[in-house]
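Spelled out from the first residue to the last, the chains are:
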Amino acid sequence: MESKYYIPDISEFYVGFECEVYNKYSEEWYIFLFNQVFEDTSVAYNFTEGKYRVKYLDKSDIESLGFKQITDDCFNLPLNDDEELRLLYEDNIIVIFLADQYNRSLFRGLIKNKSELKKVLKQLNIVDEEEKKS
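As a starting point, this report considers the structure included with it. (Residues numbered from 1 in each chain as written. Predicted model: local features only at pLDDT ≥ 70, side-chain atom pairs only at ≥ 80, totals over all residues. Heavy atoms only, no water.)

The next point concerns the sheet that holds strand S7 (residues 84–90). Pairing is antiparallel in the open sheet, where five strands are placed in the order S5-S6-S7-S8-S9. The two strands at the open ends of the sheet, each matched to only one other strand, are strand S5 (68–71) and strand S9 (104–110). Here the strands of the sheet are splayed against their neighbours by 25° on average, with no regard to which way each runs. Pairing of strand S8 (residues 93–99) with S9 involves six bridges; the strand directions are antiparallel. Looking at the pairing, Ile94 lines up with Gly109 of S9. (Pairing = 2+ DSSP bridges. Helix = DSSP H or I, 4+ residues; strand = E, 2+ residues; numbered from the N terminus. Axes fitted to C-alpha atoms, helices over the stretch in contact; angles between N-to-C directions.)

Here we take up the sheet that holds strand S3 (residues 28–33). Pairing in this open sheet of four strands is antiparallel, and the strands run S1-S4-S2-S3 from one edge to the other. A single partner strand is all that each edge strand has here, and the edge strands are strand S1 (5–6) and S3. Examined bridge by bridge, strand S2 (residues 18–23) and S3 share six bridges and lie antiparallel to one another. Each residue of the ladder has a partner; that of Val21, found in S3, is Tyr30.

Attention now moves to helix H3 (residues 114–123). Of all the positions in H3, only Ser115, Leu117, Val120 and Leu121 are classed as buried. Buried residues along H3 sit in contact with S2, helix H2 (59–64), S7, S8 and S9. Sitting at the head of H3, Asn113 places a side-chain oxygen 3.0 Å from the backbone nitrogen of Ser115. Just past H3, the residue Asn125 takes up positive phi, approximately 65°. (Buried < 20%, exposed > 50% of the residue type's maximum accessible area, 1.4 Å probe, protein only. Contact = heavy atoms within 4.5 Å. Polar contact = N/O pair within 3.5 Å; in protein donor to acceptor, adjacent residues only side chain to side chain.)

Let's shift gears to unusual backbone geometry. At Asn92, a residue that is not glycine, the phi angle is positive and equals roughly 70°. Tracing the backbone shows Asn92 in the loop between S7 and S8. In this structure Asn92 comes out as buried when scored by relative accessible area, which is 6%. Although it is not a glycine, Asn103 sits at a positive phi angle of roughly 45°. In this fold, Asn103 is placed in the loop between S8 and S9.

In this sheet, strand S6 (residues 74–78) lies alongside S5 in antiparallel orientation, the contact comprising three bridges. Following the sheet pairing, Gln69 is matched in S6 by Phe75. If you look at the hairpin formed by S5 and S6, you'll find two residues sitting between the two strands.

Structural data, given as structure tokens:
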């Protein structure tokens, strides 16, 4: 992968989307979590000026969601005594399956960033570590 970051398409923005925003005064990037839908022009301006960037999904992002790496491209998340979730990851292609007696496939597709992975896990009704703690 050439770059660690990409400029998101405006259609990727939603409540809960995490990206980095460039602050021209401090000349630094900082993490920004969208907690509302914006309709003002500053967001559109910053977007068109390339002031937003998103980190491509990487192994540390997957581990931050409670998964443990068990091989180079496979991660494990125990769900209960009999089931665990397996996530296979290579070049942003994700395969998620329930590792039980049937090994049921739950998802296969392109996931570019941590926000997208969290969204898929939520749609699959899989609770992430932050929700388990609360």
